[in-house]
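# Chain and residue survey
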Amino acid sequence: MRVIKPSWLSHKGEQKDFEVYSCHVSPDGKRLATAGGDGHIRVWSTESIYNADDPSYTKPRQLCHMSHHLGTIHSVRFSPNGRYLASGADDKIICIYQLESGPPAIAPFGTNEPPPVENWKTSRRLIGHDNDVQDLAWSYDGSILVSVGLDSKVVIWSGHTFEKLKVLGNHQSHVKGITFDPANKFFATASDDRSIKIFRFTPPAPNATQHDMANNFQLETTISSPFKSSPLTTYFRRCSWSPDGNHIAAANAVNGPVSSVAIIERARWDSEINLIGHEGPTEVCMFSPRLFHTKKPVENGTVNGHSGGALVTVIASAGQDKTLSIWNTNTSRPVVILQDLAAKSISDLAWTPDGQILFASSLDGAIVSVKFETGELGWVANLEETDKALSKYGASRKAMGIAEDIDGLQLENHSKEGERRGAESRMGALMGDFHPLPKDTPPTTNGVKNSTSTPNAPSTNGQTETQTQPEKEKDKATPTEESADKTAQRVNELKSRVTITKDGKKRVAPMLISSSGTGQSSLPQSQLVGSSSSKAAQNDAPQTILDLSKPYDGLPEGGLAAMLLGNKRKAVVAEGEEDEEHPSKRAASGPRAIMRNGAEGLELATFEPPKHGLLPTPEYLRPAILNPSIAISQVRLAVPKVRSHILRPLERGVLLEEGSVDEATKVAENVVLEAKNPVSIRDPSHITASKRGTLLWQDYLPRAIILVTGSKRFWAAACEDGSLYTWTPAGRRLINAMILESQPVILECRDWWLLCITAVGICHVWNINTLASPHPPVSLAPVLEIAISSLQQHSAMPAPGVTSAHLNSNGYIVVTLTNGDGYYYSPTMFSWQRLSESWWAVGSQYWNSNDSSVGALQSTAVGSVSPKDGQGDEATASAGIIPFLERHTTNEFLLKGRAYTLQRLIKTLLSRDGFETFESDVSIAHLENRIAGALQLGSKEEFRLYLFMYAKRIGAEGHRGKVEELLNSLLGGVLQEKKGEGETGGKGWYSKEDDICGLDRKELLKGVVMILGKFRELQRLTVQYARVLDLTLEDDLSSDAMTVDT
């Protein structure tokens, strides 16, 4: 052992040497930074210190000095990568210095400072403390810098952007020490409130903001027993974490009346070991950064704990008794004691990265180096030994908490693998190297292959036959090469496109980056509310399936009347419109086509010049005859007027005019229902069905017809007197006239279901096939906010109006209102349930998020909504209803400017005390609302998607209670006996069946466990469920990891 104390190694002043409050060695071991009472930081060459007694050594001793603080500097620390140097002082400022590559500035004139060798420049000045900054520490990955001070604050700064991420005010008095866990899971702060507090954290991303850190940096525990009577006279309480992550050494502890250094054990967070021997309070303790073998390891072969004896850690402690003690964990007494090393208290200690040299700074201005020979402290272990010791705490893993056991780590690896593969595919799509699978190979979603590209392909329980590995590789390689060639050819064509200018010169047209078409992004995108709604409609989903009666875009600009009236202009079928199996071929950009309502939604409206300069305009005959008492009805809806002519085509196509048979045969097969009302009230109305201009059937009704509808199963017409008639496709009367309490306002049908809403707001639903109704007639009054609103049109706060009413394939009523809300009627609970509302639109982080995984969740029945060959397909039931209702809310509420007041209100709320978690809580509630709606509607794919999004969110937020309840609910009937002991079977979450919402509970539970597997603090729960499911958690089976997009 050598003690080196050069006379020049100090902060010299005119009268005396200034106090040195801090010292630190750079990660490469070549620089020593010291901070003193003169307000200067000096960077020294460690090589010059080791060669202080060599007169032939002529290299520079001081590499640089900085004086950017206005007071005493208390702490100086290099970042782990050596790029930055941070200092904190009693001017409340933290300075960040960066080593520049340019030549250093010349020393100021009139100073005795040697010329600088290195160019350290101030890159940041961080303002966040209200009093002296007492200590600093960087996390081991350099992602954060933490400062503590006499204002009792712990301030966390980003190690990349140096933005203030969070301020922790947990301490009640001056905070004088900070140390980080080498496994990067915790940090510890020591304070004059006689406690050490342990904070758990997740290393933030480089672009993280203060908003992202709302739930990071949580207090794990408080340790106060070793410090109950510790003196408050020390300048620092510099603690240190052992390199193997097992222990924290805390300065200024007491054991009865005796000063000591407390050794706190990880996880248990208690102190059973005390290092006793110092005569005065200790200010600082510092673990050597390396582990040591107690015996000399074998020269050849791998070094392990057996060949080199036990692995021990070495710790140095010092303080007000001016004594430096060095201990190791193998002996009960100090290895070395250096008494009276300085004339005043020792303020800081710093080890070199190799763990063999220790630097100490003192308040008498001395800076001392203690150099140990090989074997004096032990034999330095390889870094692999340190990594191995840290691996049990999950070092290098970005997750909260500690893994409980090996199963927990394997589950986390399994979860990360699936997430990584999903992210790689999305990133590949973004960068243009993602190529779609061949058409005969359906895309894989979460391990289940859905035949989206082949709607008629047979499948067995949704699973396609597996291929051998060579075949898979062969299949993948071919389309990749082909599509790459096509892409290159397309780009070359675009590059060589020539245009001719007005003066006849040829120019090569510039190629836009977007026009190269090298791949579309499939990353989840948050879309601004005010942007074009046409793109939102393309990206939101599921877009090829919407299980609602058509037209589904609400009423046209002319209102209900225009929709019912129809359009007598010919609309020529556009080329390619026949190919309905590929709705995704719509152009992503270009002029927006004018659309009109047809039987199956929006159709292109083509321009045709009017004949003889006049357009035949359908004629309103008169208003419908109403009972005067409707004026005082609780609910009153507007009744359509009686028209002379009403047309309804059965399918998408053209409304036929009178013409020759030759013209009619050019049009696709279609049946048109036509109702003609007489001018005189006493004359009967005439209803006909025609195909290709040929009359199929006709009938006469005694009353004026105001609404008609039809499907492939039946035709229906509603009359002015509230009577409803139905016919078979051939024109046979199907049911006796059904008499309603008031005039029909909305008449819709889907498959066998028929919906009629009357003028007094009563909704009737019938199944024409079973001649039954799923529930009694139900009033729209609750939906129209009859509880709080007046239905008078000219009142101060009028109630909302109905914009559309639809049926899905299960006969559920779905209603949208003018205020943006969307409802559906539950036939089992006999109540209206709100699926979408403006509250979520302004408060939830998940609103209007066009997540690509929504679009990917297409069921096996892509194509026509109507089932083929008369077979119903449960996969499409209720598909797309929730996204459709949320788009409607966006259009009605946000895009029309009605959200301004509510948005301001919520923005004000977020800044108030008690509302810190408001946005997070509302977002979780929104996901829960979506899940409940998808479960009630029986929408499989949306239920699965929203469930996985919800699991990921509550896992990230650490809601242990909700996670446990969710896992228990999903487990449901998986483990329970088929025959209950006198229990009545529940529904939904509480059912004892093996499936929920038509999906296998085991598969859902497996997906949720995979998502939650990466969250450390939940692994005690998730590992148990992984064992129940017999999940293979071995690392070598990562190829079977589930890819879960959330």
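Scroll up to find the structure this text is about.
A brief look at the structure comes next. None of the values given here were measured: they were computed from a predicted structure.

## Some points on the overall build of the protein chain
Summing up its helical and strand segments, the protein chain has 16 helices and 59 strands in all. Across the 1046 residues in the protein chain, those meeting the buried criterion constitute 50%. Taking all contacts inside the protein chain whose residues are at least 6 apart in sequence as the whole, residues at least 24 apart take part in 58%.

## So, the side chain of threonine 1022
Residue placement: threonine 1022 occurs in helix α16 (residues 1019-1028). What makes threonine 1022 buried here is its relative accessible area of 0%. Apart from residues no more than four positions distant in its own chain, threonine 1022 is found in contact with Leu411, Val1009, Leu1012 and Gly1013.

## What about the sheet that holds strand β41 (residues 645-649)?
Within the open sheet, the 4 strands sit side by side as β41-β42-β43-β44. Their pairing is antiparallel. Both edges of this open sheet fall to β41 and β44 (694-701), since each of them pairs with a single strand only. Each neighbouring strand pair of the sheet contributes to a mean axis angle of 15 degrees, computed without reference to strand direction. Relative to strand β42 (residues 671-676), β41 runs antiparallel, the two being bridged by 5 bridges. Across the sheet, residue histidine 645 finds its bridge partner in β42, namely lysine 676.

## Regarding unusual backbone geometry
With a phi angle near 65 degrees, asparagine 184 is a residue other than glycine that sits in the positive phi range. Residue position: asparagine 184 is located in the loop between β14 (175-180) and β15 (186-191). The buried category is assigned to asparagine 184, whose relative accessible area is 8%. One non-glycine residue, aspartate 340, adopts positive backbone phi at about 50 degrees. Its location among the elements puts aspartate 340 in the loop between β27 (336-338) and β28 (346-351). You can call aspartate 340 exposed: its relative accessible area is 60%.

## With respect to the nonpolar core
In globular proteins that are soluble, nonpolar side chains generally tend to be buried together. The biggest cluster of nonpolar side chains holds 46 residues, and the ones touching the most others in it are Phe943 and Val1008. When residues of this core are traced back to their parent elements, those giving at least two are α10 (881-894), α12 (918-937), α13 (940-957), α14 (960-971), α15 (1001-1012) and α16. Here this core takes 9 residues from α13, the largest share from any one element. In terms of nonpolar packing, the next biggest core, distinct from the first, is built from 43 residues, Trp753, Ile757, Ala781 and Leu807 among them.

## Observations regarding the packing of aromatic side chains
Summed over all chains, the structure comprises 24 aromatic pairs. Consider the rings of tryptophan 138 and phenylalanine 162, whose centres lie 6.2 Å apart with planes at 85 degrees: the pair is edge-to-face. Taken as a pair, tryptophan 138 in strand β10 (residues 133-138) and phenylalanine 162 in the loop between β12 (154-158) and β13 (164-168) lie far apart in primary sequence, 24 residues in all. Among the aromatic residues, ring-to-ring pairing joins Phe180, Phe187, Phe199, Phe201 and Phe217 into one connected group. Above the face of the phenylalanine 236 ring, arginine 238 is positioned so that its terminal group lies 3.7 Å from the ring centre. The side chain of lysine 371 reaches across the aromatic face of tyrosine 50, ending 4.9 Å from its centre.

## Some remarks on the packing of α13 against α15
Axis angle and axis distance: for two packed helices, these are the angle between their axes and the distance between the axes, and together they describe the pair. Close contact between α13 and α15 brings their axes to 9 Å; oriented N to C, the two are set at 30 degrees. Considered as vectors, α13 and α15 are oriented roughly parallel to each other. In this structure, α13 crosses over α15, and the sense of that crossing is right-handed. Every residue of α15 that contacts α13 at Phe943, Arg944, Leu947, Phe948, Ala951, Lys952 and Gly955 is listed here: Leu1004, Gly1007, Val1008, Ile1011 and Leu1012. Residue classes in the contact of α13 with α15 are distributed as 8 nonpolar, 2 polar and 2 charged.

## What about the pattern of salt bridges?
Pairing between side chains of opposite charge can happen when their charged atoms approach one another. With the rule as written, the count across this model stands at 27 salt bridges. Residue glutamate 928 pairs with lysine 962 through a salt bridge whose shortest N-O separation is 3.2 Å. Here glutamate 928 is found in helix α12, whereas its partner lysine 962 is found in helix α14, with 34 residues between them in sequence. In this structure, a network of salt bridges that share partners links the residues Arg77, Asp135, Arg238 and Asp348.

## Description of the pairing of strand β3 (residues 31-36)
Of all 6 residues that make up β3, 6 are buried, and the element is covered over most of its length. Burial of the side chains of β3 extends over both faces: Arg31, Ala33 and Ala35 are buried on one face and Leu32, Thr34 and Gly36 on the other. The sheet contact formed by strand β2 (residues 20-25) and β3 spans 5 bridges and is antiparallel. Opposite valine 25, over in β3, you have leucine 32 as the bridge partner. The antiparallel hairpin formed by β2 and β3 contains 5 residues in its connecting segment, where glycine 29 sits at a positive phi of about 75 degrees.

## Examining the environment of serine 325
Tracing the chain through its elements places serine 325 in strand β26 (residues 324-328). Classification of serine 325 by relative accessible area gives buried; the value is 5%. The spatial distance from the C-alpha of serine 325 to the C-alpha of isoleucine 337 is 4.6 Å, given a sequence separation of 12 residues. Those residues in contact with serine 325 that lie beyond four places of it in its chain are His278, Ile315, Ala316, Ser317, Val336 and Ile337.

Definitions and cut-offs
- Residues numbered from 1 in each chain as written.
- Predicted model: local features only at pLDDT ≥ 70, side-chain atom pairs only at ≥ 80, totals over all residues.
- Heavy atoms only, no water.
- Helix = DSSP H or I, 4+ residues; strand = E, 2+ residues; numbered from the N terminus.
- Buried < 20%, exposed > 50% of the residue type's maximum accessible area, 1.4 Å probe, protein only.
- Contact = heavy atoms within 4.5 Å.
- Pairing = 2+ DSSP bridges.
- Axes fitted to C-alpha atoms, helices over the stretch in contact; angles between N-to-C directions.
- Core = buried A, V, L, I, M, F, W, Y, C linked by side-chain atoms within 4.5 Å.
- Phe/Tyr/Trp six-rings, centres within 6.5 Å; stacked < 30°, edge-to-face > 60°.
- Lys NZ or Arg CZ within 6 Å of the ring centre and 35° of its normal.
- Parallel < 35°, antiparallel > 145°, perpendicular 65-115°, else oblique.
- Left-handed = near helix turned anticlockwise from the far one by under 90°.
- Nonpolar A, V, L, I, M, F, W, Y, C, P; charged D, E, K, R; others polar.
- Salt bridge = Lys/Arg side-chain N within 4 Å of Asp/Glu carboxyl O.

Shape is all these values report; function is a separate question.
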